[in-house]
Amino acid sequence: MSFKILVPVKRVIDYAAKIRVRPDKLGVETNNVKMSINPFDEIAVEEAVRLKENTIADSVVAVSIGPKESLETIRGSLAMGADAGIHVSASADMQPLGIAKILKKLVEQEKPKLVILGKQAIDDDSNQTAQMLAGLLNWPQATFASKVVVDKASDKVTVTREIDGGLETLEMKLPAIISCDLRLNEPRYAKLQNIMKAKKIVVPTKTPEELGVDVSSKLKIVSVEEPAKRVGGSKVQSVDEVVANLKKHAII
Amino acid sequence: MATSVQEARYILLYLGRISFLGVDYVRDRAKPQFLANKDLTDLEEINKCINRTKYVVGEVEAMHKFHKYRTLKKAYDREFQLVNDQFNVETFNLKDNNDNMNQKS
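- The name an unreviewed UniProt entry assigns to chain B is LYR motif-containing protein 5, from the organism Cavenderia fasciculata.
- Taken directly from UniProt, the Sequence similarities (unreviewed entry) text for chain B runs: "Belongs to the complex I LYR family."

- As annotated in an unreviewed UniProt entry, chain A is Electron transfer flavoprotein subunit beta from Cavenderia fasciculata.
- Within the UniProt record for chain A, the comment given under Function (unreviewed entry) is "The electron transfer flavoprotein serves as a specific electron acceptor for several dehydrogenases, including five acyl-CoA dehydrogenases, glutaryl-CoA and sarcosine dehydrogenase. It transfers the electrons to the main mitochondrial respiratory chain via ETF-ubiquinone oxidoreductase (ETF dehydrogenase)."

Put into structure tokens, the structure is as follows:
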């Protein structure tokens, strides 16, 4: 059976762009702001392409769920080395549960052996899609991966995870889900010829209705606010002043 | 396959666009140098210029990768936020051979 890898990618505000809260306080300004592929998804695409180059995987499929601008993100992944792309047309403010449901349907259609995602998107920082997808599909998962080793012969994958206490190594039977952390690899820059070639690849567009998925949002954003400005501290002249100030602020 | 001048220039400006430097910064510094060398006919000289562009492309790539990694690491690592990176666009100088940017033409 051919070893296919599915890589979902997301179009987010560029990591270096200045974030401004919208006047209606229900989100951030996205008009005329530079957008690009989520950096963690870039790392996921790079890992999938490396597995293909080491002849472990046979093909890499990049998926993006969002408005038609997400096609640019898919083309970027195709330029990096993915073989095919799928675009699912949806609104820009999809929640992770809706994404996971769509991905579940696509996994059932495409039948990949590995789904490699970025650990979280830098715009909403949910860190939920990989975990929800694993729950919906009932597949094993390894999140925050910093090293992935696939053993094709025994159909297993060994993943080293970055956790609070250090590193944890897990072994899972394929098919499985992996979510990438920052230190997994260094994503490549697409060569000019590959960018030109990627423009010619046909990417089919599907809709959630076609896939039979209910993507109504169960969450409502109540408000989005900027973090409180840091108030400067004050300098004191002697130890007695420090003690007096601490007593004044009822700390001691 | 050897890169032509147009390809080298396209790669440089494309990188300027995706990196934190911005296409304006890169173009303002690259255009005078391309224009100053536009009348070269010797293949060796032209290849030297193309190699110079490739070197600058490598520098911009490295700077961008580093900036991206550091920014993401700081965003998700509380203690690391105290490290002072000094990513100042003004202090990153594209190599200006032959002092082309200061020539009055």
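**Here's the deal with the packing of helix 1 (residues 5-18) of chain B against helix 2 (residues 23-36) of chain B**
All names here are of chain B.
1) Next: In the contact formed by helix 1 and helix 2, the axes pass within 8 Å of each other and the chain directions differ by 155°. Classified by the angle their axes make, helix 1 and helix 2 are roughly antiparallel. Viewed along their axes, helix 1 and helix 2 form a crossing whose handedness is right-handed. In contact with Val5, Arg9, Leu12, Leu13, Gly16 and Arg17 of helix 1, helix 2 contributes Val23, Val26, Arg27, Ala30 and Phe34.
2) Next: Grouping the constituent residues of the contact of helix 1 with helix 2 by class yields 7 nonpolar, 1 polar and 3 charged.

**What to know about the pattern of salt bridges**
Where charged atoms of side chains with opposite charge meet at close range, the side chains can pair.
Residues and elements named next belong to chain A.
1) Next: In the structure shown here, the tally under the stated rule is 20 salt bridges over all chains.
2) Next: Its salt-bridge partner being aspartate 123, residue lysine 10 comes within 3.1 Å of it at the nearest N-O pair. Remark: aspartate 123 occurs in the loop between strand 6 (114-118) and helix 4 (129-137) and lysine 10 occurs in the loop between strand 1 (4-9) and strand 2 (11-13); sequence separation between them is 113 residues.
3) Next: Using a relative accessible area of 24% as the deciding quantity, one classes lysine 10 as partly exposed.
4) Next: Its salt-bridge partner being lysine 229, residue glutamate 226 comes within 3.6 Å of it at the nearest N-O pair.
5) Next: Judged by its relative accessible area of 49%, glutamate 226 falls in the partly exposed class.
6) Next: By relative accessible area, lysine 229 is classed as exposed at 67%.
7) Next: Salt bridges sharing common partners tie together Glu46, Arg50, Glu53 and Arg188.

Here is what the cut-offs are and how they apply
Residues numbered from 1 in each chain as written. Chains lettered and ligands numbered in written order. Predicted model: local features only at pLDDT ≥ 70, side-chain atom pairs only at ≥ 80, totals over all residues. Heavy atoms only, no water. UniProt positions renumbered as here; feature names shortened; annotations may be inferred. Axes fitted to C-alpha atoms, helices over the stretch in contact; angles between N-to-C directions. Helix = DSSP H or I, 4+ residues; strand = E, 2+ residues; numbered from the N terminus. Parallel < 35°, antiparallel > 145°, perpendicular 65-115°, else oblique. Left-handed = near helix turned anticlockwise from the far one by under 90°. Contact = heavy atoms within 4.5 Å. Nonpolar A, V, L, I, M, F, W, Y, C, P; charged D, E, K, R; others polar. Salt bridge = Lys/Arg side-chain N within 4 Å of Asp/Glu carboxyl O. Buried < 20%, exposed > 50% of the residue type's maximum accessible area, 1.4 Å probe, protein only.

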